[in-house]
Amino acid sequence: MAKRSTRGRVYNAFFTTTLLIGVLLFLAPFLFNWQQTAKREQATSTYEQAYLPPAPGIAAKLKRYNEMIYAQQQKRAATKVDVATLQPDRRSPIGYLNIPSIKLKMMPLYFGDSDWVLNRALGTLPFTSLPTGGKNTMAGITGHSGLANRIFFDNIRYLQNGDVVYINAFGQQTAYQVYARKVVDPAKPSAVRAFYVQPGQDRIALMTCTPLFVNSHRLIVYGKRISMRQAKATVTVARDLWRVENLWLIAVVAFLLLLLIAWWLTRRRAHAPVD
């Protein structure tokens, strides 16, 4: 009898400890999301202090910069515009993205695609237009997928035609509607042309690695410029049911249920009458 009692205490201690670990794993995504939201809000505040209201003459500088990018892509002579005149501090955000259909909110956007940038938020491809809109622009925006402790562009793979992307950059707000997607091999020289300006158009290209955790290719989701009025009138459809965070929660809940069933069966066996 004493042996059974000791075994029961061991089982109870094991299941209690495992249950607490499971609860902590369940709460981890919520705690992590809270932490990341606080960081994004801080970055957004830094951006707004720097670019709101927009500095006098910045719109003209942005236009000249994007004209330079278009000319370079067309292999034509272009007047050099130094990005330092637009953003002196490369470690300050130039804007942020909102994509309601995948619950991406206030995701900071920095100039460039350095490791420093992409380990913290989203970046711009340096050989593409800046994401401020205008004729003859294609803004390439890139972000990691599959990082262990951050969610950046993991869920753009679920975007579908008609979904809206909001960009606030250099004090200017624009909206784009998803219309196409493609996968390219970054090892091929032709891959860079997937980000080239389409003459006369105002477009964006969101890029991340694919397949998830393999990262051999690049997924590109294209958006075309629409008015803010049209964007706000577009119904938001949730596309993130199978996002990584939800799959994690499903797995943890399943683990907790199995643990409780195992605990119940063990308790039942421990209290079963002995023949």
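Residues numbered from 1 in each chain as written. Predicted model: local features only at pLDDT ≥ 70, side-chain atom pairs only at ≥ 80, totals over all residues. Heavy atoms only, no water.

Draft legend 1. The packing of aromatic side chains, seen in detail. Per the stated rule, a full pass over the model turns up 6 aromatic pairs. Aromatic side chains Y47 and Y96 sit 5.7 Å apart centroid to centroid with 85° between the ring planes, which places their arrangement in the edge-to-face category. Of this pair, Y47 sits in helix 1 (residues 2–51) while Y96 sits in strand 1 (residues 95–99), placing them 49 residues apart in sequence. The class for Y47 is buried, based on a relative accessible area of 1%. A ring pair is formed by Y51 and F170, whose centres lie 5.2 Å apart and whose planes are at 75°; its orientation type is edge-to-face. Taken together, the residues span a long stretch of sequence, with Y51 in helix 1 and F170 in the loop between strand 5 (164–169) and strand 6 (172–184) at a distance of 119 residues. The pair formed by Y51 and F170 is uniform in burial state, with each residue classed as buried. A network of ring pairs unites the aromatic residues Y47, Y51, Y96 and F170 as a single cluster. When the ring centre of Y70 is taken as reference, the NZ or CZ atom of R76 above it lies at 5.6 Å. (Phe/Tyr/Trp six-rings, centres within 6.5 Å; stacked < 30°, edge-to-face > 60°. Helix = DSSP H or I, 4+ residues; strand = E, 2+ residues; numbered from the N terminus. Buried < 20%, exposed > 50% of the residue type's maximum accessible area, 1.4 Å probe, protein only. Lys NZ or Arg CZ within 6 Å of the ring centre and 35° of its normal.)

Draft legend 2. Seen up close, the nonpolar core. Core analysis: the biggest nonpolar cluster contains 38 residues, and Y65, L97, I156, F170 and L206 have the highest contact counts within it. The leading source of residues in this core is helix 2 (residues 58–73), at 5 residues. Ignoring anything within four residues of it in the chain, the contact list for L206 reads L97, I99, I141, F153, I156, L159, V165, L219, I220 and V221. Core analysis: the next-biggest nonpolar cluster, separate from the first, contains 12 residues, Y70, L125, A194 and M207 among them. (Core = buried A, V, L, I, M, F, W, Y, C linked by side-chain atoms within 4.5 Å. Contact = heavy atoms within 4.5 Å.)

Draft legend 3. Molecular detail of the side chain of T142. Along the polypeptide, T142 turns up in strand 4 (residues 137–142). By relative accessible area, T142 is classed as buried at 6%.

Draft legend 4. Expanded view of the pairing of strand 8 (residues 217–226). In this structure, strand 6 lies alongside strand 8, joined through 9 bridges in antiparallel fashion. The partner of R181 across the bridge, within strand 8, is V221. Where strand 7 (residues 202–210) meets strand 8, 8 bridges bridge the pair, whose relative direction is antiparallel. Bridging from a neighbouring strand, M207 pairs with I220 of strand 8. Linking strand 7 back to strand 8 in an antiparallel pair, the connection comprises 6 residues, with F213 at a positive phi of about 75°. (Pairing = 2+ DSSP bridges.)

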